[in-house]
Amino acid sequence: MGGVMLICLLCLTAGAMSVVRGEDPYLFFTWNVTYGTISPLGIPQQGILINGQFPGPNINSTTNNNIVINIFNNLDEPFLLTWSGIQHRKNSWQDGVLGTMCPIAPGTNYTYHFQVKDQIGSYIYYPTTAMHRAGGAFGGLRVNSRLLIPVPYADPEDDYTVLIGDWYTKSHSTLRNFLESGRSLGRPDGVLINGKSPKGDGKDKPLFTMKPGKTYKYRICNVGLKASLNFRIQGHTMKLVEMEGSHTVQNTYKSLDVHVGQCFSVLVTADQKPKDYYMVASTRFLKNVNFAKGIISYTNGKGPASHEIPAAPVGWAWSLNQFRTFRWNLTASAARPNPQGSYHYGAINITRTIKLVNSASRVNGKLRYAINGVSHTDPATPLKLAEYYGIGDKVFKYDTIQDEPAAKVADKVVVAPNVVNTTFRNFVEIIFENHEKSLQSWHLDGYSFFAVAIEPGRWSPERRKNYNLLDAVSRHTIQVYPKSWAAILLTFDNAGMWNLRSELTENRYLGQQLYVSVLSPARSLRDEYNIPDNSLLCGLVKNLPKPPPYSI
């Protein structure tokens, strides 16, 4: 057997079978994606289910696991899932966005195969096709630390995933028609916690239970479409321990603002009178506040939860101040044995500054969202495939936007594929400038970055003196408050084609995204994997011969 020992184990999470090899372990999943009627806010609507579940199954993995998911698309539309925050080192082929992959056609299947290489933390997956995210098919994806790597807190009694998000009672297809016709989605109809919005009639079952005196880990992720949410638990504080793959300085909070696409892990100790308590998720920065409650029940508890809901903070200055309390835990080890703080990002020279300004405007009478005056559209041939097959010039142009946008980016918006060309391994500063009156949430696939600053006003080079160059959290999303800017730093060392997008689904769907092309000049397997044998081909590359494979 060449020194490779095969051991089969059953893993009970989400119907997976795990095979442990001399290499890193494999987790196998088979997911059937179907329509089904759901009524999370009491109104029947068409949902999108995975193996009959809404939300979808929770993936429970460990650092360096290989995850193999065979997805059968039983919808009547093409379908893709993205694994938000999973970096897919050297492997943008599995990223699950329309710029890198052909979608899975109705009635067919496709098998994703990716490794959660050198990562720990709390993540989510969700659909990137059409407006499917508004119908469901989202879920949690956790990456546990390997046993030999110390974690900077004691093992919790249990580990819970809490998916919070705004929700619309209109179907995903109706919402898509709204956007296609040039109108906005409008305000959400409610908020869900793990796909539910409790009725509060005394018949609601607990979402979670806690034993008195024990400490529990809650992974809180905003899987919604639009609204930032404030999360809190009656009578309990939360100790923040992890954020999007990084161990944090362990500050204690009464509530946390969780913006769209973001995930926090907190520790909660059952140290109150044994009874029921509400966890609450409520919308932020919207005129009408929507909220959902979920019951946490003490195992020996007597008595219902109090109807006095803890008040949410008001205004975005509070939220900005909370962001400034988030710090990287410099002494803790993440996926590798060495401490997180051994990487001194603040000492690296910036080689390029890219400033991105988001805007909303109308093109031919229809609403479009743009970055630096370009509103992205997905061509029939995925950008990565066109580039790999050497026909990129027939599909898109590089650098249709400038690093420094024009003074008035909303005046003339161009609808076209938006691809930024970058130099492999360059250390880059990206500035997000938000001139709008609404909050923005940005995410970058394939990477984590250092969120070094968020400040009101406009950015200028002098603002760099306010950067946190010591212990900014390494993460994959960042919010930008109205009339404010944010700065991130990262090294573009993961070869591939990577999606930078607004996590606000309406904005993304109507063009507020771009792709970052990171090409290794060596064309070597050391830097990027070859296209998988099972890759779906579409558009102009469908019948082309495969290019010569990369070699060592």
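Residues numbered from 1 in each chain as written. Predicted model: local features only at pLDDT ≥ 70, side-chain atom pairs only at ≥ 80, totals over all residues. Heavy atoms only, no water.

Moving on, we come to the overall build of the chain. The helix and strand tally for the chain stands at four helices and 35 strands. Relative to the compact-globule value of 24 Å for 552 residues, the chain shows a C-alpha radius of gyration of 23 Å, a close match. Overall size of the chain, expressed as C-alpha extent along the three principal axes, is 70 × 65 × 50 Å. Within the chain, contacts between residues separated by at least 24 positions form 77% of all contacts whose residues are at least 6 apart in sequence. Accessible area for the chain stands at about 21,900 Å²; split by element, carbon and sulfur atoms hold 52% of it. Considering the chain, the positive charge centre built from 56 side chains and the negative charge centre built from 41 side chains are found 3 Å apart. (Helix = DSSP H or I, 4+ residues; strand = E, 2+ residues; numbered from the N terminus. Rg over C-alpha atoms; globule rule 2.2 N^0.38 Å. Contact = heavy atoms within 4.5 Å. Areas by Shrake-Rupley, 256 points an atom, 1.4 Å probe, with all protein chains shown as cover. Lys, Arg positive; Asp, Glu negative; His and termini not counted. Charge placed at Lys NZ, Arg CZ, Asp CG, Glu CD.)

Residue pairs spaced three or four apart in an α-helix point in one direction, given the helix's 3.6 residues per turn. Restricting attention to buried positions, one finds in helix α1 (residues 172-180) the residues His172, Leu175, Phe178 and Leu179. Buried residues of α1, seen end-on, are gathered within an arc of 115 degrees and therefore sit on one face of the element. In the segment just after α1, Gly182 is the residue with positive phi, at about 100 degrees. (Buried < 20%, exposed > 50% of the residue type's maximum accessible area, 1.4 Å probe, protein only. Arc of directions from axis to C-beta.)

With mixed pairing, the five strands of this open sheet are ordered in space as β13-β22-β21-β15-β19. The sheet is open, and its two edges are formed by β13 (208-210) and β19 (255-258), each paired on a single side. Direction aside, neighbouring strands of the sheet carry axes that sit 25 degrees apart on average. Pairing geometry for β13 and strand β22 (residues 291-298), over three bridges, is parallel. Pairing of Phe208 across the sheet is with Ile296, part of β22. (Pairing = 2+ DSSP bridges. Axes fitted to C-alpha atoms, helices over the stretch in contact; angles between N-to-C directions.)

A word on the side chain of Ser474. Tracing the sequence through the fold places Ser474 in strand β31 (residues 474-475). The class for Ser474 is buried, based on a relative accessible area of 8%.

For the rest of this paragraph, the subject is the environment of Leu286. Looking at the element boundaries, Leu286 is found in the loop between β21 (276-283) and β22. Each C-alpha atom, one on Leu286 and one on Gly315, is 10.0 Å from the other, the two residues being 29 residues apart in sequence. Those residues in contact with Leu286 that lie beyond four places of it in its chain are Pro188 and Ala227.

Further remarks concern the packing of aromatic side chains. Overall, the coordinates contain 31 aromatic pairs when judged by the stated rule. With centroids separated by 6.2 Å and ring planes inclined at 45 degrees, the aromatic side chains of Trp31 and Trp83 adopt a geometry described as tilted. Of this pair, Trp31 sits in strand β3 (residues 26-38) while Trp83 sits in strand β7 (residues 81-84), and the two are 52 residues apart along the sequence. Considered together, Trp31 and Trp83 belong to a single accessibility category, that of buried residues. Seen in terms of ring centroids, Tyr388 and Tyr389 are 5.9 Å apart; in terms of plane orientation they differ by 75 degrees. Their pairing is edge-to-face. (Phe/Tyr/Trp six-rings, centres within 6.5 Å; stacked < 30°, edge-to-face > 60°.)

Take the domain arrangement of the chain next. Domain boundaries assigned for the chain yield domain 1 (26-144), domain 2 (158-314) and domain 3 (345-541). Domain 1 puts 29 residues into the contact, and the matching count from domain 2 is 35 residues. Both sides of the domain 1 and domain 2 interface together cover about 2,600 Å² of buried area, and 64% of this is carbon and sulfur. In terms of surface lost to domain 2, no three residues of domain 1 exceed Leu41, Ser122 and Met131, which account for 25% of the buried area on that side. With a closest N to O distance of 3.2 Å, Arg176 and Glu77 form a salt bridge. Our count for the domain 1 to domain 2 interface comes out at 14 residue pairs in polar contact (both at pLDDT 80 or more). Breaking the side of domain 1 that touches domain 2 down by element, the ones donating at least two residues are β3, β4 (45-50), β9 (121-127) and β10 (139-144). Its residues assigned to classes, the side of domain 1 that touches domain 2 shows 15 nonpolar, eleven polar and three charged. (Domains from an automatic or database assignment. Buried area = accessible area lost by both parts, 1.4 Å probe. Salt bridge = Lys/Arg side-chain N within 4 Å of Asp/Glu carboxyl O. Polar contact = N/O pair within 3.5 Å; in protein donor to acceptor, adjacent residues only side chain to side chain. Nonpolar A, V, L, I, M, F, W, Y, C, P; charged D, E, K, R; others polar.)

In the numbering used here, UniProt assigns the feature "domain: Plastocyanin-like" (unreviewed entry) to residues 32-146, 158-297 and 393-521. Segment residues 32-146 splits into 0% helix and 43% strand. End C-alpha atoms: 30 Å apart. (UniProt positions renumbered as here; feature names shortened; annotations may be inferred.)

This brings us to the state of the cysteines. Throughout the structure, instances matching the rule amount to two disulfides. One disulfide in the model links Cys102 with Cys538; its S-S distance is 2.1 Å. On the sign convention where negative is left-handed, the bridge of Cys102 and Cys538, at about -90 degrees about the S-S bond, is left-handed. On the criterion of sequence distance, the pair formed by Cys102 in the loop between β7 and β8 (109-115) and Cys538 in the segment after β35 (513-519) is long-range, its members being 436 residues apart. Classification of Cys102 as buried rests on a relative accessible area of 3%. Judged by relative accessible area, Cys538 falls into the buried class, the value being 15%. Going through the chain in sequence order and numbering each bonded cysteine, the pairs you get are 1-4, 2-3. (Disulfide = S-S within 2.5 Å.)

Pairing between side chains of opposite charge can happen when the charged atoms of each approach one another. In total, this model carries 22 salt bridges according to the counting rule given. Its salt-bridge partner being Glu503, residue Arg133 comes within 3.4 Å of it at the nearest N-O pair. One end of the pair, Arg133, is in the loop between β9 and β10; the other, Glu503, is in the loop between β34 (496-502) and α4 (505-509), and 370 residues separate them in sequence. With respect to burial, Arg133 and Glu503 carry one shared label: buried. Residue Glu506 pairs with Lys226 through a salt bridge whose shortest N-O separation is 4.0 Å. Highlighted residues: Glu506 in helix α4 and Lys226 in the loop between β14 (215-222) and β15 (229-233), separated in sequence by 280 residues. Ionic contacts of the salt-bridge type, sharing partners, join the residues Arg133, Asp445, Arg501 and Glu503 into one network.

Turning our attention to the sheet that holds β34. The five strands are arranged β27-β35-β34-β29-β32 in an open sheet whose pairing can be described as mixed. Unpaired on one side and paired on the other, β27 (419-423) and β32 (477-480) mark the two borders of the sheet. Between one strand and the next, the sheet's axes are offset by a mean angle of 20 degrees, whatever the strand orientation. Sheet topology places strand β29 (residues 440-444) next to β34; three bridges connect them, and they run antiparallel. What sits directly across from Trp442, in β34, is Ser502.

Turning our eyes to something else, we now look at the pairing of β34. Burial runs high along β34: seven of the seven residues are buried. What you see with β34 is no split at all: Gly496, Trp498, Leu500 and Ser502 on one side and Met497, Asn499 and Arg501 on the other are buried throughout. Sheet analysis places β34 next to β35, joined by six bridges and oriented antiparallel. Paired with Leu500 across the strands is Leu514, a residue of β35.

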